[in-house]
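Observations on the model geometry
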Amino acid sequence: RIPIWLDCDPGHDDTFAILLAAYHPAIRILGVSTVFGNASLEKTTHNATSILTSISQSTTIPVYIGASKALFRPPMHPPTDIHGETGLDGTSLLPCPLVPPITTIPAIDAAYQSLIACPPGTAWVVATGSFTNAAALFMKYPELIPHIAGLSLMGGALGNNFTPATLGTVDGVPRIGNWTQFAEFNILADPEAASFLLTHKDLSKKTTLIPLDVTHLCLTTAQVQDLILYGPEGLRPGMTPGKGKTELRQMLVELLFFFAKTYADVFGITEGPPLHDPLAVAAVLSGLEEGPHKIPFYEHDPAVGAGIAPQRERYEVGVATEGSYEDAKAGARTGQITARLLPPGEEGV
Ligand code: BDR
Ligand code: CA
C-alpha cells in the first residue's frame, strides 16, 4: 500500500480526505498532522482526533500538532460562515476524541521519521490545509526531497476551467480565487510556504497541484449525498428518507449539508459543494496501473458529478507573496499563483 503523510486542517472537506485515505485499500496513513486554517490549530487538531475516533482509527493513526501560524505571517482563518465556529459545524454526532494528539514530538519531526523509514520512492506527503507544515518539513529535512515519491497539494486557482461551478465575476472580471478575487484559501493562508514548495527546483518536479479548476469539477451533488446516506444499494424499504443508514453516514451527510449551504450562500454554487481535499489524496493513486484500486482520475462522469481533470499537464508555477492579507482582500494579487503551461516533456508542477 502507498504510505502517505496527511497534513490537514479539518474542515469539512479535509474530513473526507481523511476518510478516503483511511478507507482506501491501496493507501496506508503513516500519520496525520494538523495546521491552522479552517479554524485555529487547537480546533483543527481536536477535529482530526474526533474524526479518527468516529471511524475507529484513533488508536491506529497518530495525530501530531503542527503550525499555529504561517511561516512569516499571523494566522488567517475564514469567517465562520465557511466551516462554522468549530471548523466542523453542522453535526452533533462527532464523538469526543478517544486518543489525544501526540505532544512529545513536533509534527514535522514525526513526519520526517516516518517518511524516511519508508523505502525510497514510495511515500507521499499530502497537504490539504495551509502549506506551512509541508514547507517547514522540506526546509528542515531537504534529504526527504529525493526520498519521497511525491507531494500532493490542494490549493490555488489557475482560472482555466470553471465549469460547472463558476465563482462568477468581480466588476466584470472573472473571479478565480475563492478567498480573494485571485487567491485560493490554502495558498493565501501561507503564500511564502506555497512559494517555497511550488518553485523548488527539485520538489516541484514531483509535486501534483490540485487547484480549484480541478475541484470545481467534482461536486458533491444530491446523488453523491444519497450514496453516502444510504450506501450503494440506495434507499431501501425500512430506511427513513434523509436519515443515514448508520450514524457515521448520518454524520458525514450532516457535515456535507452544512458545506453545501456554505457554497450556496457564500459562493452561489447550488449543485452541491466542490469537495476539494480528497482529490489531493486521490492524486497519489493516479500512478497506479489499471485495476480495482485505480481511481479514474482524469475522467469526468457527469452522471455523478465526480471525476476530475481531462488530462494531466505540467506547469511552471509562481506565487505572489507581496502584500498583507488585508491588501489581498482589497484586490492585490497576494496568494495568486501564476502558471505557465510547459511543453510536453518539461518538468514542472
Ligand atoms: C481549501 O480551503 C479550505 O477551506 C478547504 O478545506 C480546502 O482545503 C479550498 O480552497
Ligand atoms: Ca483543507
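In the nomenclature of an unreviewed UniProt entry, the protein corresponds to Uridine nucleosidase from the organism Triangularia setosa. Listed in UniProt under the heading Sequence similarities (unreviewed entry), the comment for the protein reads: "Belongs to the IUNH family."

Whether parallel or antiparallel, the strands of a sheet pair through hydrogen bonds between backbone atoms. With respect to topology, six strands assemble into an open sheet ordered β3-β2-β1-β4-β5-β8, the strand pairing being parallel. The open sheet is flanked by β3 (63–65) and β8 (207–210), the only strands paired with a single partner. Each adjacent strand pair in this sheet contributes to an overall mean axis angle of 20°, direction not counted. Against the sheet, helix α2 (residues 41–54) touches β1 (2–8), β2 (27–34) and β3, its axis set at about 175° to β3.

Here we come to the site of ligand 1. By nearness alone, 13 residues border ligand 1, and G11, D13, E184, F185 and H276 come closest of all. Those elements that provide at least two residues to the shell around ligand 1 are α1 (12–23) and α7 (185–189). Tallied by class, residues from the shell around ligand 1 come to three nonpolar, six polar and four charged.

A large share of β1 lies buried, amounting to seven of its seven residues. Bridge count between β1 and β2: seven bridges; the pairing is parallel. Bridging across to β2, P3 finds its partner in R28. Taken together, β1, α1 and β2 constitute a β-α-β crossover, and its handedness is right-handed. When β1 meets strand β4 (residues 124–127), the two strands line up parallel, connected through four bridges. The residue bridging I4 from the neighbouring strand is W124, located in β4.

To continue, consider the nonpolar core. Judged by nonpolar contacts, the single largest core of 88 residues is most densely connected at I4, L6, A21, A134 and L197. With seven residues, the single largest contributor to this core is α1. Beyond its immediate chain neighbours, meaning those up to four positions away, L197 contacts F131, A134, A135, F138, L151, L153, L203 and T207. One finds L229, M251, Y263 and I269 within the second-largest nonpolar core, a separate group that totals twelve residues.

At their nearest, the axes of helix α5 (residues 132–140) and helix α8 (residues 191–199) sit 8 Å apart, and the two run at 50° to each other. Between α5 and α8, the interaxial angle falls into the category oblique. Seen along the crossing, α5 lies across α8 with a hand that is left-handed. From α5, T132, A134, A135, F138 and M139 reach across to α8, where they touch A193, F196 and L197.

You can see A189 is positioned in helix α7. Look at A189 and you get buried, because 30 C-beta atoms sit within 10 Å. Separated by 59 residues in sequence, A189 and S130 place their C-alpha atoms 5.6 Å apart. Excluding its chain neighbours within four sequence positions, the residues that come into contact with A189 are G37, A70, M76 and S130.

Between two packed helices, the angle of one axis relative to the other and the distance separating the axes together describe the packing. Close contact between helix α10 (residues 222–230) and helix α11 (residues 247–267) brings their axes to 8 Å; oriented N to C, the two are set at 155°. On the basis of the axis angle, α10 is roughly antiparallel to α11. On the side of α10, the interface is formed by Q225, I228 and L229, while α11 contributes R249, L252, V253 and L256. Residue composition of the contact of α10 with α11, grouped by class: five nonpolar, one polar and one charged.

Conventions adopted
Residues numbered from 1 in each chain as written. Chains lettered and ligands numbered in written order. Predicted model: local features only at pLDDT ≥ 70, side-chain atom pairs only at ≥ 80, totals over all residues. UniProt positions renumbered as here; feature names shortened; annotations may be inferred. Pairing = 2+ DSSP bridges. Helix = DSSP H or I, 4+ residues; strand = E, 2+ residues; numbered from the N terminus. Axes fitted to C-alpha atoms, helices over the stretch in contact; angles between N-to-C directions. Contact = placed C-beta atoms within 7 Å. Near = placed C-beta within 6 Å. Nonpolar A, V, L, I, M, F, W, Y, C, P; charged D, E, K, R; others polar. Buried ≥ 20, exposed ≤ 12 C-beta atoms within 10 Å, placed from the backbone. Right-handed = clockwise from strand over helix to strand, strands pointing away. Core = buried A, V, L, I, M, F, W, Y, C linked by C-beta atoms within 7 Å. Parallel < 35°, antiparallel > 145°, perpendicular 65-115°, else oblique. Left-handed = near helix turned anticlockwise from the far one by under 90°.

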